[in-house]
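Take a look at the letters that make up each chain.
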Amino acid sequence: EPWAEPGAVPVPDGADTAQLWCRARGVPGVQLHWEHRGRALPPNEDRFQWHQWREGPWTSSVLTVTNVSLERAQYRRWDQSRNWDQYQNRPRNWTLDNFVCVAQNPLGTVRRHMKLQLAGTGL
């Protein structure tokens, strides 16, 4: 099934939380979960919380990411210094990053990549 969500998810200036949405359908029914930096995210973690629900043939999930404002300030410092090596090696609980919604059923697995980024920037 096609995915309706965009790949880039902008965080508005001043926002401290962001949400990524994912939706899929399949027969048999689909289970969704989220991955970040190559590991599956548990439903409740310090900065990441997600849940899923069913609506007819569709399964939906929302991942809520918190504490974005701390990293916005850090990003701006990196942007001014252009210390991109340090930026690329940011901690693994960094929230302005790539996330993957994983849809699975007995017939296979599909991954949807999303990038949480500051509004008005490419990062």
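Going by the annotation in an unreviewed UniProt entry, the name recorded for the protein is NPHN protein, with Asarcornis scutulata given as the source organism.

Student: Requested: an account of the side chain of His-33, with residues and values cited.
Tutor: When you line up the elements, His-33 lands in strand S3 (residues 31-36). The contact partners of His-33, leaving out residues within four places of it in the chain, are Ala-40, Trp-50, Val-100, Cys-101, Val-102 and Gln-104.

Student: For the sheet that holds strand S5 (residues 48-55), give the residues involved together with the corresponding values.
Tutor: The strand order across the open sheet built from three strands is S2-S6-S5, with neighbouring strands paired in antiparallel fashion. This sheet does not close on itself; its edge strands, each paired only once, are strand S2 (18-25) and S5. Between one strand axis and the next, the sheet turns by 15° as a mean value, whatever way the strands run. Bridging between S2 and strand S6 (residues 58-65) involves eight bridges; their strand directions are antiparallel. When the bridges of S6 are listed, Cys-22 appears paired with Ser-61.

What counts, and at which threshold
Residues numbered from 1 in each chain as written. Predicted model: local features only at pLDDT ≥ 70, side-chain atom pairs only at ≥ 80, totals over all residues. Heavy atoms only, no water. Helix = DSSP H or I, 4+ residues; strand = E, 2+ residues; numbered from the N terminus. Contact = heavy atoms within 4.5 Å. Pairing = 2+ DSSP bridges. Axes fitted to C-alpha atoms, helices over the stretch in contact; angles between N-to-C directions.

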